[in-house]
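So the chains spell out like this:
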Amino acid sequence: MIWRSVSSLAAAATVVGMLSLAPIRSAGQSNEKSNAKGKNLGGPGGVIAVNGVRDENLPPPPNGPAPRFYDGKPDLAGVWLSGNYSFSNMGGPLPLQPWAQKVLEERRATQGRDDPEAKCLPAGVPRITPYPFKIIQAPKVIAMLFEGNVHSYRQFFLDREHDKNLDPSWMGESIASWQGDTLVVDTVNFNDKTWLNGAGAPHSDKLHVTERYSRPDLGHLDVEITMEDPGAFTKPHTFKRSHVLSATWEIHEYVCNEFNVDVDRLVGR
Amino acid sequence: MKLAAAVLALLMMLVTALIPAFAHHSFSAEYDANKPVNIKGVVAKLAWVNPHAYIYVDTKDASGKVSRYAFETSSPNALLRRGWKRDSLKEGDEVTVDGYLAKDPRPLNDGSLHGNARLVTLANGKAVFAGTSADDGGPGK
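Residues numbered from 1 in each chain as written. Chains lettered and ligands numbered in written order. Predicted model: local features only at pLDDT ≥ 70, side-chain atom pairs only at ≥ 80, totals over all residues.

Asks: Residues and numbers for the overall build of chain B, please.
Replies: Looking only at helices and strands, chain B has three helices and six strands in total. In chain B, the order of α-helices and β-strands from amino to carboxyl end is α-α-β-β-β-α-β-β-β. Looking at the 141 residues of chain B, the share that counts as buried comes to 50%. Partitioning the intrachain contacts of chain B with sequence separation of at least 6 by distance along the chain shows that 56% fall at a separation of at least 24. (Helix = DSSP H or I, 4+ residues; strand = E, 2+ residues; numbered from the N terminus. Buried ≥ 20, exposed ≤ 12 C-beta atoms within 10 Å, placed from the backbone. Contact = placed C-beta atoms within 7 Å.)

Shown next, in the form of structure tokens:
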């Protein structure tokens, strides 16, 4: 039963996957676009979207209006999976200062060998993983719990200002407010140890991330992300992501350090 | 046959040339897309561990010498969502693994030869994708 996908389907997956990788990688941020290109290969348990973006048995997102929290605000809670996960795409080249561009090129040349994520360290903000995350909402705080790459979390505080006395941190400090039906999350207080994406774009501890979360319908969570970093960028950079509600999924335990034999075998070239 | 092989090689090159991507680490940081392997043998064990599950396969060469390969796969959670279970592969099951050898030639601490599995085919011909994700930067599926 488990092995219902047969070799011919796998072969088809190979071809479809190969042929569709390039256009999807460079495609925009629309989840609908990604899903439309997915092929139902009848894999075990349902649809395998072989679209170069996601191949798990992601159920199609449910239809319906965005739910409301009891205070009338949009309810963002749910288990979400990036509908357009990309290891490196942040909506085009980042406006990096020369030193930062040099670091990025070094990291590319060594094929991501020194990626902190491979050492089971937090991915940072706004980097995402291909694993789902969960949003839990309360009136004064909204929390994101990440399944991977480590069990990190973020808290969006709605009842306070930024604390000027915190030590720099991996995930930063996030202060949020509602602007109409959009949750605006302002995050600062980062260390400079994370990579902005899998390609290896660096940032400084002056990184300032503004995220604008909206839930246009039951099944989607859209985010517009602006990164400013006077220490590494020449100008602000804005891009969009869309996440899909994984209505039948739960986040699961993922203990990255359990058997990370990779860490001293990442040789790069 | 030659043409098909050339086309396949070209496709592989195209895919490999794309931006490396992986869930936990870059494929190309650890594995060599130029060292594909096709290993037929029996399952020694399925290690259901993070950040990547491992399939251990014992294979015999022409002289009868047995080698054990440890193939990295996706995370247990990702495999689970793809329809695998921790007991999907049992000791003694016949399998064929299409994968790639690690760039670092050292065996794992238990002496297993180290590779990355892309496709696992059972004795009955059924096959499943074992890699991390379609967007992991690895060559083919």
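Asks: Can you break down the overall build of chain A residue by residue, with the values?
Replies: Each helix and strand in chain A was counted, giving three helices and nine strands. The order of helices and strands in chain A, counted from the N terminus, is α-α-β-α-β-β-β-β-β-β-β-β. Put simply, chain A has 269 residues, and 43% of those count as buried. For chain A, restricting intrachain contacts to residue pairs at least 6 apart in sequence, the fraction spanning at least 24 positions comes to 61%.

Asks: Give me the sheet that holds strand β7 (residues 208-217) of chain A: which residues, what numbers.
Replies: Pairing between the strands of a sheet comes from backbone hydrogen bonds, and it takes one of two forms, parallel or antiparallel. All names here are of chain A. Around the barrel, which closes on itself, the nine strands sit in the order β1-β2-β3-β4-β5-β6-β7-β8-β9 with mixed pairing between neighbours. For this sheet the average axis-to-axis angle between neighbouring strands, irrespective of direction, equals 30 degrees. Across five bridges, the pairing between strand β3 (residues 141-146) and strand β4 (residues 153-157) is antiparallel. By the bridge assignment for β4, L145 is matched with Y153. (Pairing = 2+ DSSP bridges. Axes fitted to C-alpha atoms, helices over the stretch in contact; angles between N-to-C directions.)

Asks: Break down the nonpolar core for me, with residues and values.
Replies: Among the nonpolar cores identified, the biggest contains 23 residues, and B:V43, B:I55, B:V57, B:F71, B:V97 and B:V120 are the most heavily contacted of them. Residue assignment for this core shows that the elements contributing at least two residues are β1 (31-47), β2 (54-60), β3 (66-72), α3 (76-81), β4 (94-102), β5 (113-122) and β6 (127-129) of chain B. Per-element accounting of this core gives the leading share, four residues, to β2(B). Counting residues in hydrophobic clusters, the runner-up holds 17 residues, among them A:L96, A:W195, A:A199 and A:V209. (Core = buried A, V, L, I, M, F, W, Y, C linked by C-beta atoms within 7 Å.)

Asks: Describe the environment of B:S112, with residues and values.
Replies: Residues and elements named next belong to chain B. Take S112: it is sitting in the loop between β4 and β5. C-beta crowding within 10 Å serves as the criterion here: with 18 such atoms nearby, S112 is assigned to the partly exposed category. Spatially, the C-alpha atom of S112 lies 5.5 Å from that of A70, the residues being 42 residues apart in sequence. Those residues in contact with S112, other than ones at most four positions away along the chain, are Y56, R68, Y69, A70 and P107.

Asks: Describe helix α3 (residues 98-109) of chain A, listing the residues and the values that go with them.
Replies: All names here are of chain A. Helix length check: α3, at twelve residues, gives a terminal C-alpha distance of 16 Å against a target of 16 Å (1.5 Å per residue), a fit within 8%. Turning to α3, its buried residues are A100, L104 and R107. Seen along its axis, α3 keeps its buried residues to an arc of 65 degrees; they face one direction. In α3, the exposed positions angled more than 90 degrees off the buried face are occupied by P98, W99, K102, E106 and A109. Once α3 finishes, Q111 follows within two positions and takes phi at roughly 55 degrees, a positive value. (Expected span 1.5 Å × (residues − 1). Arc of directions from axis to C-beta.)

Asks: Quick one: what's the story with the confidence of the model for chain A, residue by residue and with numbers?
Replies: Scored by pLDDT, chain A has a mean of 81; 78% of the residues are at 70 or more. Contacts of residues 1-55 of chain A to residues separated by more than four positions or lying in other chains number 120 contacts, the stretch itself having pLDDT below 50. (pLDDT = per-residue confidence, 0-100.)

Asks: Tell me about the confidence of the model for chain B, and please be specific about residues and values.
Replies: Residue and element names in this part refer to chain B. Put simply, chain B has an average pLDDT of 79, and 77% of its residues get 70 or more. In the predicted structure, residues 7-22 sits below a pLDDT of 50 and forms 36 contacts with residues beyond four places in sequence or in another chain. Our summary of model confidence lists the complex with pTM equal to 0.78 and ipTM equal to 0.72.

Asks: Can you tell me about the pairing of strand β2 (residues 133-137) of chain A, naming the residues and giving the values?
Replies: All names here are of chain A. Here strand β1 (residues 78-82) runs beside β2; their pairing, made up of three bridges, is antiparallel. Residue W80 lies in a different strand from β2, and its bridge partner there is F133. Relative to β3, β2 runs antiparallel, the two being bridged by five bridges. Its bridge partner lying in β3, I136 is registered against A143. Between β2 and β3, which follow one another and run antiparallel, lie three residues.

Asks: Explain the environment of A:D159 to me, and be specific about the residues and the numbers.
Replies: Structurally, A:D159 is set in the loop between β4 and β5 (173-179). Of the residues examined, A:D159 has 9 C-beta atoms within 10 Å and is grouped as exposed.

Asks: With reference to specific residues and values, describe the pairing of β5(A).
Replies: Looking down a regular strand, the side chains alternate between one sheet face and the other. All names here are of chain A. Sheet topology note: the β4/β5 ladder contains two bridges and is parallel. Along β5, the bridge assignment pairs F157 with I175. Both β5 and strand β6 (residues 182-188) contribute to a ladder of seven bridges, which runs antiparallel. Residue pairing across strands places W178 opposite L183, the latter belonging to β6. The antiparallel hairpin formed by β5 and β6 contains two residues in its connecting segment, where G180 sits at a positive phi of about 65 degrees.

Asks: Before we move on, can you summarise the environment of A:E106 with the specific residues and values?
Replies: Take A:E106: it is sitting in helix α3. Sequence separation between A:E106 and A:G200 is 94 residues; the distance between their C-alpha atoms is 8.6 Å.

Asks: Describe unusual backbone geometry, naming the residues involved and giving the relevant values.
Replies: Residues and elements named next belong to chain A. Across the junction of V125 and P126, the peptide omega takes the value 5 degrees, indicating a cis bond. Secondary-structure assignment places P126 in the loop between α3 and β2. Across the junction of G148 and N149, the peptide omega takes the value 5 degrees, indicating a cis bond. With respect to the helices and strands, N149 occurs in the loop between β3 and β4. With phi around 55 degrees, Q111 is a residue other than glycine that occupies positive phi space. Relative to the elements of secondary structure, Q111 occurs in the loop between α3 and β2. A tally of 22 C-beta atoms within 10 Å means that Q111 is categorised as buried. Positive phi, close to 60 degrees, is recorded for C120, a residue that is not glycine. Inspection of the secondary structure assignment puts C120 in the loop between α3 and β2. Under the C-beta neighbour-count criterion, C120 is labelled buried, with 21 such atoms within 10 Å.

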